[in-house]
Amino acid sequence: MKKTLIKGTGRYVPSRVVKNDDLAQLMDTSDEWIRQRTGIEERHWVPEEGGVGSSDLGLEASKIAIKRAGWTPEDIDFIIFGTLSPDIYFPGSAFFLQHKLGLETTPALDIRQQCTGFVYGLTIADAFIRSGYANKILFVGAEVHSTGLDLSTRGRDVAVIFGDGAGAVCLEGVETDEPVGVLSSVLHAQGEFAEILKIDFPSHKQHPIIDEKMIREGRHYPFMDGRLVFKTAVRKLPQVTYAALEKARLTVDDIDLFIPHQANLRINQAFAKSMKLPEEKVFNNIQKYGNTTAASIPIALDEAIEKQRIKDGSTVIFLALGSGLTWGAVVYRFYISPERR
Ligand code: UT7
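Only a predicted model underlies this, so the values are computations on that prediction, with no experimental measurement involved. Counting restarts for each chain, with residues numbered from 1 along the sequence as it is written. Confidence filtering applies because this is a predicted model: local features only for residues at pLDDT of at least 70, side-chain atom pairs given and counted only at 80 or more, and all residues used for totals across whole chains, interfaces and linings. Side-chain figures throughout are based on the complete set of non-hydrogen atoms in the structure, without hydrogens or water.

Provide a residue-level description of the sheet that holds strand E12 (residues 315-322), including the pertinent values.
Here, a strand pair is defined by DSSP locating no fewer than two bridges between the strands. Comment: elements are numbered from the N terminus, with helices defined as DSSP H or I runs of at least four residues and strands as E runs of at least two. Taken in spatial order, the four strands of this open sheet run E8-E13-E12-E11, and their pairing is mixed. Only two strands of the sheet have a single neighbouring strand rather than two, namely strand E8 (181-189) and strand E11 (257-260). Neighbour-to-neighbour, the strand axes of the sheet open up by a mean angle of 10°, direction not taken into account. Note: E11 against E12, four bridges, orientation parallel. If you follow isoleucine 259 over to E12, its bridge partner there is phenylalanine 318. Only heavy atoms enter the contact rule, under which two residues are in contact if any of them lie within 4.5 Å. Inter-axis angles, ranging from 0 to 180 degrees, are taken between N-to-C directions of lines fitted to C-alpha atoms, where helices are fitted over the stretch in contact. This element, helix H11 (residues 296-306), spans E11 and E12 of the sheet and lies at about 150° to E11.

Go over the site of the ligand, please, and point to the residues and values.
In this text, near means that some heavy atom of the residue lies within 4 Å of the molecule or strand in question. The environment of the ligand is formed by 23 residues, the closest being Thr29, Arg37, Arg227, Asn264 and Asn291. Here tryptophan 33 contributes a side-chain N or O atom positioned 3.3 Å from an oxygen atom of the ligand. For accessible areas, the Shrake-Rupley method is used with a probe of radius 1.4 Å. Any residue's cover is judged against the shown protein chains and nothing else. When isolated, the ligand has an accessible area of 950 Å², and the protein chains bury 76% of it. Elements represented by at least two residues in the shell around the ligand include exactly helix H2 (31-38), helix H6 (156-159), helix H8 (226-247) and helix H9 (265-274). Polar contacts, as counted here, are pairs of nitrogen or oxygen atoms within 3.5 Å of one another; within protein the pair requires one atom able to donate a hydrogen and one able to accept it, and residues that are adjacent in sequence qualify only if both atoms are side-chain atoms.

Lay out the domain arrangement of the protein chain in plain terms, naming residues and giving numbers.
Segmentation of the chain into domains, including their bounds, is taken from an automatic or database domain assignment. Split by domain assignment, the protein chain resolves into domain 1 (2-175) and domain 2 (181-340). For domain 1 versus domain 2, the separation of C-alpha centres amounts to 14 Å. Facing the 52 residues of domain 1 at the interface are 53 residues of domain 2. Buried area: the accessible surface (1.4 Å probe) lost by two parts on joining, summed over both. Buried surface at the junction of domain 1 and domain 2, summed over both partners, amounts to about 4100 Å²; 64% is from carbon and sulfur atoms. Salt bridges are defined by distance alone: a side-chain nitrogen of Lys or Arg within 4 Å of a carboxyl oxygen of Asp or Glu. Between the two partners, domain 1 and domain 2, sit four salt bridges. With its nearest N and O atoms 2.9 Å apart, the salt bridge here joins arginine 68 to aspartate 302. Our count for the domain 1 to domain 2 interface comes out at 24 residue pairs in polar contact (both at pLDDT 80 or more). Those elements that place two or more of their residues in the side of domain 1 that touches domain 2 are strand E1 (2-12), H2, strand E3 (42-45), helix H5 (117-131), strand E6 (136-143), H6 and strand E7 (165-175). For the side of domain 1 that touches domain 2, the leading source of residues is H5, giving seven residues. Gly falls in the polar group here, along with every residue not listed as nonpolar (Ala, Val, Leu, Ile, Met, Phe, Trp, Tyr, Cys, Pro) or charged (Asp, Glu, Lys, Arg). Looking at the side of domain 1 that touches domain 2 residue by residue, the classes come out as 20 nonpolar, 20 polar and 12 charged.

This is how it looks when you write it as structure tokens:
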């Protein structure tokens, strides 16, 4: 049977480090507030002068993942790009990335799933691979948030959270009867809550799609009902984790590492508490990166592999909740090559 395996991962963040104290120079906030409420200590932002898009960050992460997979760009059958901060309004960043990779007509798809970009993207890739439609798929999650934030006190609840960055994963179909690869996926969406985390403008519901009044009111900046998103995440993440485990016929004890989206350290700590997990079973790196949305899980995965928190045969679960609302979880088991069994 064909299984979807992770063959290579890569991450890239811009070199500009923005500390909490740097933000306190721009708005009424403090290092203490940000650390206490979110766990974040610093984040990486693209250069202030601009000119760097999510496809540029995605390109750097992709180059690393492709090399580690032992692929060349020409091997890629399909590109999936998760971002809420595309280079331009349309077309999506997948096309810019495809061209930057030197590819000519490789199919490329943008998905707009925000924080659940990786769990949705991995599920789509797995379905494409198992159906035989494609065998080598590059998933990239990349965000340039910093250019779109309200850096005044008005926008502080959102501005202090987000970081820029990219994570890439090479996924390949391999024939094996071993219980490896994507073992289960559970995805959800609830449009009833679409407006609790959103950017209103530009909007095709009006002409022109954005005007000076909208800009004055800051409606081109993200809006978030943070408390509601927080409460919903704390409730739904354990539910979807249990559902994905049940589908894979596994229990909490079978999971070697939980790799949640990095939205807020307190959300992940509440998740661990509710699942009765020891701290070392949940991977967190929001302290260094902030919330990088679609990039957060692939960045975390790449770091977890680098830190040897994942080994051959490890079973992991990826989980996320975010704007849409969307939430989901994917159970994945790493392959052990026959010679190492
Ligand atoms: O990525 C996926 C989706 N996003 C999330 O999952 C984020 C979920 N939500 C959160 O992480 C949290 O709700 C936040 C970090 C956004 C906010 O933390 P909170 O503990 O929920 O704070 P709050 O919104 O209840 O605000 C508490 C106080 C307020 O002041 P008052 O009304 O008590 O006087 C805010 O105005 O903190 C104030 N505040 C700040 N103070 C200093 C809000 N943002 C800041 C700030 N610095 N940056």
